[in-house]
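Here is how the chains run, residue by residue.
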Amino acid sequence: MNRRLFLGAALAVLAAFAIGAPAEAQQNTLEKIKQRGKLIVGVKNDYKPWGFLDPSGALKGMEIDMAEDVAKRLGVGIELVPVVASNRQEFLQQGKIDLIIATMGDNPKRREVIGMIEPNYYAGGTNVLAPKKAGLKKWADLKGKKVCAIQGAYYNKRVQELYGPDLQAFAGIPEALTALGAGNCVGFVYDNTFIESTLAAGDAKWKDYEMPLVTEDEQPWAVAVPLPELNGPWGEFMKKVSVEWHKNGTLLALEKKWGIKQSPFLAEMNKKYKG
Amino acid sequence: MSRPPSPRPFPVLLPVRPPAAIAARWGDCRTATILALASAPLLLMGEALAAPGEAGIVATLWKWTPVMASGFVLNLWISVLAMAIGTASGAVLGLMQVSLLAPVRGGSWLVTQFFRNAPWLVLLFYCILLMPFEIRLGGVVIPLPAWIKAVVGLALPVMANVAEVVRGAIQSIPTGQWDGAKALGLTRLQTMGLVILPQCLKRMLPPWMNVYAILTMATPLVSIVGVQEAMNLTRAALNAESRPDLLIPMYLYLLVWFFLYCFPIARATLWLERRYGVAG
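Residues numbered from 1 in each chain as written. Chains lettered and ligands numbered in written order. Predicted model: local features only at pLDDT ≥ 70, side-chain atom pairs only at ≥ 80, totals over all residues. Heavy atoms only, no water.

## So, the overall build of chain A
From N to C terminus, chain A includes 11 helices and 14 strands. In terms of overall dimensions, chain A has C-alpha extents of about 70 × 60 × 40 Å along its principal axes. A buried classification covers 53% of the 275 residues belonging to chain A. Surface exposure of chain A reaches about 12900 Å², of which carbon and sulfur atoms provide 55%. Looking at charge distribution, chain A has the averaged site of its 36 positive side-chain charges lying 2 Å from that of its 31 negative ones. (Helix = DSSP H or I, 4+ residues; strand = E, 2+ residues; numbered from the N terminus. Buried < 20%, exposed > 50% of the residue type's maximum accessible area, 1.4 Å probe, protein only. Areas by Shrake-Rupley, 256 points an atom, 1.4 Å probe, with all protein chains shown as cover. Lys, Arg positive; Asp, Glu negative; His and termini not counted. Charge placed at Lys NZ, Arg CZ, Asp CG, Glu CD.)

## Some words on the overall build of chain B
Each helix and strand counted, chain B has 9 helices and 2 strands in total. The linear arrangement of helices and strands in chain B, starting from the amino end, is α-α-α-α-β-β-α-α-α-α-α. Taking all 280 residues of chain B together, the buried fraction comes to 42%. The long-range share in chain B, meaning contacts at least 24 apart out of those at least 6 apart in sequence, stands at 74%. (Contact = heavy atoms within 4.5 Å.)

## Thoughts on the packing of aromatic side chains
Summed over all chains, the structure comprises 19 aromatic pairs over all chains. Relative to A:Tyr155, the ring of A:Tyr154 has its centre 5.1 Å away and its plane inclined at 75 degrees; by these criteria the two rings are edge-to-face. For A:Tyr155, a relative accessible area of 2% corresponds to the buried category. Here B:Phe72 and B:Phe258 contribute two aromatic rings whose centre-to-centre distance is 5.0 Å and whose plane-to-plane angle is 85 degrees, an arrangement assigned as edge-to-face. Here B:Phe258 lies in helix 9 (residues 247–275) and B:Phe72 lies in helix 2 (residues 57–96), a separation of 186 residues in the sequence. Note on accessibility: B:Phe72 and B:Phe258 belong to one class, buried. (Phe/Tyr/Trp six-rings, centres within 6.5 Å; stacked < 30°, edge-to-face > 60°.)

## Let's talk about the domain arrangement of chain A
Residue and element names in this part refer to chain A. The domain boundaries assigned to chain A delineate domain 1 (29–121 + 222–274) and domain 2 (124–218). Using only C-alpha atoms to locate each centre, domain 1 and domain 2 end up separated by 27 Å. Each side of the interface is counted separately: domain 1 has 7 residues, and domain 2 has 7 residues. Together, the buried faces of domain 1 and domain 2 total about 650 Å²; carbon and sulfur atoms form 58% of this surface. Remark: the boundary between domain 1 and domain 2 carries 0 salt bridges. Here domain 1 and domain 2 share 2 residue pairs in polar contact (both at pLDDT 80 or more) between them. A per-class count over the side of domain 1 that touches domain 2 returns 3 nonpolar, 1 polar and 3 charged. (Domains from an automatic or database assignment. Buried area = accessible area lost by both parts, 1.4 Å probe. Salt bridge = Lys/Arg side-chain N within 4 Å of Asp/Glu carboxyl O. Polar contact = N/O pair within 3.5 Å; in protein donor to acceptor, adjacent residues only side chain to side chain. Nonpolar A, V, L, I, M, F, W, Y, C, P; charged D, E, K, R; others polar.)

## A word on the pairing of strand 11 (residues 187–191) of chain A
Residue and element names in this part refer to chain A. Counting buried positions along strand 11 gives 5 out of 5 residues, so the element sits mostly inside the fold. Bridge analysis of strand 8 (residues 122–131) against strand 11 gives 4 bridges, and the strand direction is antiparallel. Looking at strand 11, one finds that Val128 is bridged to Val189. Bridge count for strand 9 (residues 146–150) against strand 11 is 2 bridges, and the pairing is parallel. Across the sheet, the residue bridging to Cys148 is Phe188, located in strand 11. (Pairing = 2+ DSSP bridges.)

## Observations concerning the interface of chain B and chain A
Facing the 34 residues of chain B at the interface are 34 residues of chain A. In this assembly, chain B and chain A are joined by 1 salt bridge. For B:Arg235, the salt bridge goes to A:Glu175, with nearest N and O atoms at 2.9 Å. Inspection of the region where chain B meets chain A yields 4 residue pairs in polar contact (both at pLDDT 80 or more). Elements with a contribution of two residues or more to the side of chain B that touches chain A: helix 2, helix 3 (102–116), helix 4 (120–130), helix 5 (146–172), helix 8 (230–241) and helix 9 of chain B. It is helix 8 of chain B that provides the largest number of residues to the side of chain B that touches chain A, a total of 8 residues. The residue inventory of the side of chain B that touches chain A, partitioned by class, reads 24 nonpolar, 5 polar and 5 charged.

## Describing the layout of surface pockets
Residues and elements named next belong to chain A. Estimated volume of the largest pocket: approximately 1500 Å³. For the largest pocket, the lining is made up of 49 residues, of which Val84, Ala85, Ser86, Gln151 and Gly152 are closest to its centre. Here the lining of the largest pocket is built from residues that sort into 21 nonpolar, 17 polar and 11 charged. Of the residues that make up the lining of the largest pocket, three or more belong to each of domain 1 (29–121 + 222–274) and domain 2 (124–218). (1 Å grid on protein atoms, 1.4 Å probe; cavity = no way out; pocket = protein on both sides within 12 Å on 5 of 7 lines; lining within 4 Å. Points joined across faces, edges and corners; volume = space filled by probe spheres on them.)

## Some words on the side chain of A:Asn127
All names here are of chain A. Among the secondary structure elements, Asn127 is positioned in strand 8. We classify Asn127 as buried; its relative accessible area is 0%. Of the polar contacts made by the side chain of Asn127, one reaches the side chain of Thr215; its length is 3.1 Å. Other than its neighbours up to four places away in sequence, Asn127 contacts Trp139, Phe188, Val189, Tyr190, Asn192, Ile195, Met211, Pro212, Leu213, Val214 and Thr215.

Structure representation (structure tokens):
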């Protein structure tokens, strides 16, 4: 077969496939939510205790409570859409969801594509869960050692570059914890808040484990709205809500309710907005 | 096949073979038993490993069964829809491949080869990311949830595989059939509809069922693009439990469901192949 013809035809097939551009995102999200009588929020379904699945099939967690609070303030119903790190920004840009509350770190690169609401609602850093017998004392101790991690976590690159561990990245937390339990790695690098809550739960399984290092690289977490709306009615509404959450202690109360060790960030913000 | 080479000219029209399937049925029982025996110790081991004060493995699996089942139903629904769409479009594509018009033949050949040799996951990503989440037709907004896009994404490779099944079946019919139809004065359309395709149906059934079984087992792929099906819900359940000891039993449990669904299809395919077996 004529090679050029073949290539041309293959390109035509690809082009036909590529048609179907995403629908234009509607501008006034606040109006849209009120019109449809429902707020659609992208949340996590695999990140206890922020957003996780209940045996009844419902989603639960601190961020779910926050999403429900927003819906209540608007006087509308709620729909929760489980998202993952790789699709949440696209969903928001396409207009499939109105809001992201999904353990999302706030950084300059993401600010170019989506609207991060300030003040931030949480801050988490990086640390390591390790068996006490591994005897880790400082970050440099990780050099050349096998360390379990989660695929695609933002801190992997930084830890790798600074301390040179041999990172073993897994798809999910249970997989990584299984590898840690089996001794396939000396520690599990993850969010300090998660490690603290796991250890604080007082489970016998973790009595020989510790969080030995100094928490580094504190990253604020943000609720996000579509970028064009950051300074529109929808963005302003969410900024006001976020301030109130800090001011009236909602976030501190939720943190306590879900058994998360109190973060200095929330206590500080509460004091700042109250005072 | 130990049968001596048959001199008969119309192998398709052979009488139905007596059910030699008793041995096969024994095989079924044996495989099922082995599966049960293999999973039992794993579960018991899990029970023993569960720390005191924790719910047993079986109780935990039972607790999550309704959620996992709701996801599994979606898997089956996706597989049925993708198969229906893929079969309808694949049949047309297969017929186009035996067209007398060279451009139609060439074009359909190209489409078939493209979708048959593209990784399923890549096609899924294309469909999920490139299709809009809703379509506006006039004033009506039709939402396109992720699982519908996944159905389209899976239907494409199914279409190409079914097209090959159809084309292969048509070309496997002895040319004498075409000649005979011509001698009777049938048009090409009549020959296809009245003589060729009816003979193809039996030949196409086993490979078609094979495609379906493969499709069903491929449906967990859609978990990667965010559809809340069995695989995704199982993962979420594991995260909610935060118990590493559940990892193996829970995925094994899900595997057993797929096995119980696909295994009878595989056996039936084998049985049909034997029944419609063509003497070498």
